[in-house]
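So the chains spell out like this:
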Amino acid sequence: SQKIEQNSEALNIQEGKTATLTCNYTNYSPAYLQWYRQDPGRGPVFLLLIRENEKEKRKERLKVTFDTTLKQSLFHITASQPADSATYLCALDGTTGFQKLVFGTGTRLLVSP
Amino acid sequence: SAVISQKPSRDICQRGTSLTIQCQVDSQVTMMFWYRQQPGQSLTLIATANQGSEATYESGFVIDKFPISRPNLTFSTLTVSNMSPEDSSIYLCSAKPYNEQFFGPGTRLTVL
């Protein structure tokens, strides 16, 4: 069956450290993968998109990697801050050509001062 | 990018009634989507709403329960019909101008 898995346990880290979140998928062949941030009671906010032919994408303190062999994406936040505390969702297009995003369950990140 | 607004932001409704949620995008987009997010869960796609065609519903969602309109390239509505407490959720409108997909702030629905 098709699955998108993110660590359901919250990730607790100290301010200034690098947070690394994992997204694994099975039985998908996505053309691209996206990461979103979601704060409680709000809609998801788009962060980064990485294509299947890209290994790595960066934006300010964010870095995403995409390994289509391992079927895994890693999301890194360097020099983390308490304001980075949120739930982070990965999403990929579930069916090539139809562009429907399918979401993982999300990982809650808690950055303590 | 796309800026998306939704109305209402929240509502409390009685069982058996219907609620229509409006979604406005600040630019013309071909593809719009409606998602549901139940408490503590991730997003589940309800339907894809493309202008000029009937909405396409995902497994488990039917038009009679969630009728959708898409009258133009910047606007869509989702109606939650004959509501029950199980419909209590956050409903999210989304638009996809290119490959990136953007979301509205959501409508928090509580059904008593």
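It should be noted that the structure appears before, not after, this text.
Residues numbered from 1 in each chain as written. Chains lettered and ligands numbered in written order. Predicted model: local features only at pLDDT ≥ 70, side-chain atom pairs only at ≥ 80, totals over all residues. Heavy atoms only, no water.

Asker: Can you walk me through the overall build of chain B in this structure?
Answerer: Looking only at helices and strands, one finds 0 helices and 11 strands in chain B. What you see in chain B, going N to C, is helices and strands ordered as β-β-β-β-β-β-β-β-β-β-β. On C-alpha atoms alone, chain B measures out to a radius of gyration of 13 Å, which is about the 13 Å that the 2.2 N^0.38 rule sets for 112 residues. A principal-axis box enclosing the C-alpha atoms of chain B has dimensions of 40 × 25 × 20 Å. Every one of the 112 residues in chain B was classed for burial, and the buried ones make up 51%. Across chain B, every contact between residues at least 6 apart in sequence was considered, and the portion connecting residues at least 24 apart equals 53%. In the structure as shown, chain B presents an accessible area of about 5300 Å², 48% of it carried by carbon and sulfur atoms. Positive and negative side-chain charges of chain B, numbering 8 and 8 respectively, have mean locations separated by a distance of 6 Å. (Helix = DSSP H or I, 4+ residues; strand = E, 2+ residues; numbered from the N terminus. Rg over C-alpha atoms; globule rule 2.2 N^0.38 Å. Buried < 20%, exposed > 50% of the residue type's maximum accessible area, 1.4 Å probe, protein only. Contact = heavy atoms within 4.5 Å. Areas by Shrake-Rupley, 256 points an atom, 1.4 Å probe, with all protein chains shown as cover. Lys, Arg positive; Asp, Glu negative; His and termini not counted. Charge placed at Lys NZ, Arg CZ, Asp CG, Glu CD.)

Asker: How should the sheet that holds strand β3 (residues 19-25) of chain B be read in this particular structure?
Answerer: Backbone hydrogen bonds are what pair the strands of a sheet, in a parallel or an antiparallel way. Residue and element names in this part refer to chain B. Taken together, 4 strands build an open sheet; the order of strands is β1-β3-β8-β7 and the sheet is antiparallel. In the strand order of this sheet, the two ends are held by β1 (4-7) and β7 (68-72), each with one partner. Across the sheet, the axes of successive neighbouring strands diverge by a mean angle of 20°, strand direction being ignored. Across 3 bridges, the pairing between β7 and strand β8 (residues 75-80) is antiparallel. Within the sheet, the bridge partner assigned to Ile-68 lies in β8 and is Leu-78. (Pairing = 2+ DSSP bridges. Axes fitted to C-alpha atoms, helices over the stretch in contact; angles between N-to-C directions.)

Asker: I would appreciate a short explanation of unusual backbone geometry in the present structure.
Answerer: Trans is the prevailing form of peptide bonds, just as negative phi is the prevailing case for residues other than glycine. In this model, B:Lys7 is joined to B:Pro8 through a cis peptide bond whose omega is -10°. As for its position among the elements, B:Pro8 is in the loop between β1 and β2 (10-13). Unlike most non-glycine residues, A:Glu60 shows phi in positive territory, near 55°. The phi dihedral of A:Ala79 falls on the positive side, at around 50°, and the residue is not glycine. In this fold, A:Ala79 is placed in the loop between β8 (72-77) and β9 (86-93).

Asker: Just to check I follow, could you spell out the nonpolar core for this structure?
Answerer: Generally speaking, nonpolar side chains in soluble globular proteins are found buried as a group. Core analysis: the biggest nonpolar cluster contains 42 residues, and A:Phe103 and B:Tyr35 have the highest contact counts within it. When sequence neighbours within four positions are dropped, the list of residues in contact with B:Tyr35 reads A:Leu101, A:Phe103, B:Leu43, B:Thr44, B:Leu45, B:Ile46, B:Ile90, B:Tyr91, B:Leu92, B:Ser94, B:Gln101 and B:Phe103. By size, the runner-up hydrophobic cluster in this structure holds 23 residues, among which are A:Leu21, A:Leu47, A:Leu92 and A:Val111. (Core = buried A, V, L, I, M, F, W, Y, C linked by side-chain atoms within 4.5 Å.)

Asker: Where do I start with the pairing of strand β6 (residues 56-59) of chain A in this structure?
Answerer: Side-chain positions along a regular strand alternate between the two faces of the sheet. Residues and elements named next belong to chain A. Pairing geometry for β6 and strand β7 (residues 62-67), over 4 bridges, is antiparallel. Within β7, the residue paired with Arg-58 across the bridge is Lys-63. With antiparallel pairing between neighbouring strands as the criterion, β6 and β7 make up a hairpin whose turn holds 2 residues, including Glu-60 at a positive phi of roughly 55°.

Asker: How should the sheet that holds strand β1 (residues 3-6) of chain A be read in this particular structure?
Answerer: Residues and elements named next belong to chain A. Spatial strand order, β1-β3-β8-β7-β6: 5 strands in an open sheet with antiparallel pairing. Each end of this open sheet is capped by a strand with a single partner; those strands are β1 and β6. Strand-to-strand twist across the sheet, computed as the mean angle between neighbouring axes with direction ignored, equals 15°. Summarising the sheet, strand β3 (residues 19-26) and β8 pair through 6 bridges and their orientation is antiparallel. Bridge pairing in β8 places Asn-24 opposite Gln-72.

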